[in-house]
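What the coordinates show
Here are the chains, one letter per residue:
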Amino acid sequence: MSKLGLQTFTYVVNRGISISTAGHRNRLLCTQSLRIDRTQTRRLVLSQVRSFSSTIKHSSSSSSSLSDLPLLFRHYNLQSPECNVTPLIASRVGTNLHLRPKHPLNTIKAIIEEYWKKRIKKLSIHDDMDPIVSTQNNFDSLLIPKDHVSRSKSDTYYLNHETVLRTHTSAHQTTLLQAGQDCFLVTGDVYRRDEIDSSHYPIFHQMEGVRMFTEEDFETIGATSIPDKEQVVKNDLQMGLEGMAKELFGEVDMRWVDTYFPFTEPSLELEIYFNNQWLEVLGCGVVHKDIVKAVGRGDQLGWAFGLGLERLAMVLFSIPDIRLFWTQDERFHGQFESGEIVTFQPYSKYPPCFKDISFWTRRAGVESEFHPNDMFEVVRDVAGDLVERVELMDVFVHPKTDRNVSGVMQFKS
């Protein structure tokens, strides 16, 4: 956003997690002539969100202190200007929901792993790899351009200029390939700064699958030319993923869509027709030849795919809000004790609760460094998973001072 701003956001307090509060609407506009920098803006928002949060009884997790952080962070200074990892995000590292027995994410993970174990011999499983990775492994080794938006601090959590919380499980692909592994699945939590709504969360879980082919594999099939070998790899990828989709969703219509990923060529997305709509299930493709060469495997061919466990679980279990995966409420977890795919039954009885907040961000004529994701981080740190949705609602430039006013924040319960 350019120049200055009074930022106006609307936020909605959670109604999927138990809260003790009355359903009411309260508008609070901090529209006085404040000329403040980004740090001051955060302090202002913090004080206003705290005033909202003080009226609400939390039954879900909220802000965390630096003293509560996992040992993984003992070598990093979270107070450094280079670091944008908040205490709340840091406190969640190592939770590993995908390893919790009977958790919906664990159930989906187990189904997918069992499917590929039957299809591929000597498949290795990795589900506890370190989520703190280098920018080399997370970006450079996967051919992600230097100017790609995913590298920005508004999108990625940096511990320092060369270390991040992984944004995808593909961050381990080249490490495992260099170690000589040909077929593997990697599952883990990944981190991206994101908006606040029912389908987005700064932490989610991915599964990455890779299979590299040997000359013996191609000789068995009778493929000798490069085009024939490439077609064998692509066909094996598509057949395998279609079979996996049937394992999860049953007999459904499917379609393949050409797309682009820096690390695969060609690249594809698989969509299925489920509940009367087309849903994107995963992305995949033939591993880019430059990646293969860089890890010392010459012109070897192979495929890779990646999928989000939350995306699949929300559809298969009919879970309406991504934050519910993090709740400790037994009314949620008790529904999945069978370890099978069942339909989630909502249990919250509380009505919506709306809150608004507005604030200036910069002096006139000075380009603002403020990004909506900065606001979302403040809200999460103070109110935790209490917040259901935050929306940027308005943009305003004062006709006399040329100051810019943006957005509204909205909470619903």
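Residues numbered from 1 in each chain as written. Predicted model: local features only at pLDDT ≥ 70, side-chain atom pairs only at ≥ 80, totals over all residues. Heavy atoms only, no water.

**Regarding the confidence of the model for the protein**
Which entries qualify depends on this criterion: A residue's pLDDT is simply how confident the predictor is in it, with values from 0 to 100. Residue contacts follow a heavy-atom distance rule, with two residues in contact if any of their heavy atoms lie within 4.5 Å.
Looking at the protein, the pLDDT average stands at 82 and 75% of residues meet or exceed 70. Counted against residues more than four places away or in other chains, residues 15-38, with its pLDDT under 50, gives 83 contacts.

**What to know about the packing of aromatic side chains**
In this description, an aromatic ring pair is defined by two values, namely the gap between the centres and the angle between the planes. Just so we agree on the cut-off: Stacked, edge-to-face and tilted labels apply to pairs of Phe, Tyr and Trp rings (six-membered ring for Trp) whose centres lie within 6.5 Å, assigned for plane angles under 30 degrees, over 60, and everything in between, in that order. Remark: exposure states derive from per-residue accessible area (1.4 Å probe, protein chains only) relative to the maximum for the residue type, with buried under 20%, exposed over 50%, and partly exposed in between.
What the rule picks out here adds up to 13 aromatic pairs. Measuring from ring centre to ring centre gives 6.0 Å for Trp303 and Phe305, while their planes differ by 35 degrees; the resulting arrangement is tilted. Given a relative accessible area of 1%, Trp303 falls into the buried group. Residue Phe305 is classed as buried on the basis of its relative accessible area of 2%.

**Concerning the sheet that holds strand 3 (residues 124-126)**
What counts here: Two strands are said to pair when DSSP picks up at least two bridges between them. In DSSP terms, a helix is any run of H or I states spanning at least four residues, a strand is any run of E spanning at least two, and both are numbered starting from the N terminus. For helices, the fitted axis covers only the stretch in contact; all axes are lines through C-alpha atoms, and the angles between them, taken along N-to-C directions, range from 0 to 180 degrees.
Strands sit in the order 3-7-8-12-11-10-9 across an open sheet of seven strands; the sheet is mixed. Looking at strand neighbours, the two that pair on one side only are strand 3 and strand 9 (253-261), the edges of this open sheet. Neighbour-to-neighbour, the strand axes of this sheet turn through a mean angle of 20 degrees, independent of strand direction. Two elements, strand 9 and strand 10 (residues 264-274), share eight bridges in a ladder whose sense is antiparallel. Of the residues in strand 10, the one forming a bridge with Asp253 is Tyr273.

**Looking at the pairing of strand 12 (residues 302-308)**
The buried fraction of strand 12 is high, at six of seven residues. Pairing of strand 11 (residues 277-287) with strand 12, which is carried by four bridges, proceeds in the antiparallel orientation. Within the sheet, the bridge partner assigned to Val286 lies in strand 12 and is Trp303.

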